[in-house]
Amino acid sequence: MTALWFFEDVNLFKVLCPHKFKKYKQAHCFNNYKKEDYIYFEADSSNKVFLIEKGKVKIGYYNEDGSEVIKSILTKGQLFGEKAILGENNRDEFAQSLDNTTSICPISVDTMHDLMRDNQTFSFKVYKFIGFKFQKLERRLKLLMFKDAKTRLKEFLEDLCTDYGYDCEKTGHKVIQHPYTQKDIASLIGTSRPTLNILLNELKEKKLLEFNRKEIIIYQKIA
């Protein structure tokens, strides 16, 4: 299955950070954030894009009733705020740090446009990423709208296998070492943490998987 939940196989920080380009290196800096600090709010001006050097960032928005909707949880090497490149004037989402040591590389839209104009390969990678991200979001919305929580969890686990999994040489089991808390996973599949625990324990009781804080071991394909 093509993984559309995450884009972890390519570290965009290594490709896109202005530090990698001599012309921009001297004038460039990093911003540090503590847990729950906001990087930007809904309705803020869209004049930058951001790369995660380290840490974890939550992207979301608030419904009219005040409830929070989580669009994605991003980690090291990932890009966000990319709609600014396409001409967005104001944010329609917020970005919030989930770690106490989050470090962000901010890039002005003008700098991004300069880099894209001067480097066709760079430009292609940026547009490919944006298309990929829209495709991922579309798939996630379809899952949230039309699938039950158990199906959403199973498809999420399959994507985690693709992004973070490897085959254990001794047992043949699929081992997933991932950066997400149970709260993160519950938010991403649109359910509560207690419900997620129930679903995971059901799969555990059926001897389909084992799990702990940062590792999931899948014994066989989850049908």
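Higher on the page you've got the structure.
Cut-offs used in this document
- Residues numbered from 1 in each chain as written.
- Predicted model: local features only at pLDDT ≥ 70, side-chain atom pairs only at ≥ 80, totals over all residues.
- Heavy atoms only, no water.
- Helix = DSSP H or I, 4+ residues; strand = E, 2+ residues; numbered from the N terminus.
- Buried < 20%, exposed > 50% of the residue type's maximum accessible area, 1.4 Å probe, protein only.
- Contact = heavy atoms within 4.5 Å.
- Areas by Shrake-Rupley, 256 points an atom, 1.4 Å probe, with all protein chains shown as cover.
- Core = buried A, V, L, I, M, F, W, Y, C linked by side-chain atoms within 4.5 Å.
- Pairing = 2+ DSSP bridges.
- Polar contact = N/O pair within 3.5 Å; in protein donor to acceptor, adjacent residues only side chain to side chain.

Novice: How would you summarise the overall build of the chain if you had to cite specific residues and measurements?
Specialist: Looking only at helices and strands, the chain has seven helices and 12 strands in total. Counting only residues that meet the buried cut, the chain has 46% of its 223 residues in that class. Summarising the internal contacts of the chain: among those between residues at least 6 apart in sequence, 70% fall at separations of at least 24. Split by element, the accessible area of the chain, about 12,100 Å² in all, is 50% carbon and sulfur.

Novice: Please provide a residue-by-residue account of the nonpolar core, values included.
Specialist: Counting 25 residues, the largest nonpolar core has Leu-153, Leu-157, Leu-160 and Ile-216 as the members making the most contacts within it. Looking at this core, the elements with two or more residues in it are β5 (68–75), α5 (149–164), α6 (182–188), α7 (193–205), β11 (209–211) and β12 (215–218). Looking at this core element by element, the count peaks at seven residues for α5. Core analysis: the next-biggest nonpolar cluster, separate from the first, contains 15 residues, Ile-85, Met-112, Val-126 and Phe-129 among them.

Novice: Could you give me a rundown of the pairing of strand β10 (residues 174–177), with the residues and numbers involved?
Specialist: The pairing of strand β9 (residues 165–167) with β10 spans three bridges and is classified as antiparallel. Bridged to Asp-167 within β10 is Lys-174. Here β9 folds back onto β10, and the loop between the two strands holds six residues, one of which, Gly-172, carries a positive phi near 85°. In this structure, β10 lies alongside β12, joined through four bridges in antiparallel fashion.

Novice: Explain the side chain of Ser-103 to me, and be specific about the residues and the numbers.
Specialist: Relative to the elements of secondary structure, Ser-103 occurs in strand β8 (residues 102–108). Engagement of the side chain of Ser-103 in a polar contact is seen with the side chain of Asn-32, the distance being 3.5 Å.

Novice: An account of the environment of Thr-171 is requested, with residue identities and associated values reported.
Specialist: With respect to the helices and strands, Thr-171 occurs in the loop between β9 and β10. A relative accessible area of 45% places Thr-171 in the partly exposed class. Counting along the chain gives 48 residues from Thr-171 to Tyr-219, while the straight-line C-alpha distance between them is 8.9 Å. Only 3.1 Å separates the side chain of Thr-171 from the backbone nitrogen of His-173, close enough to count as a polar contact.

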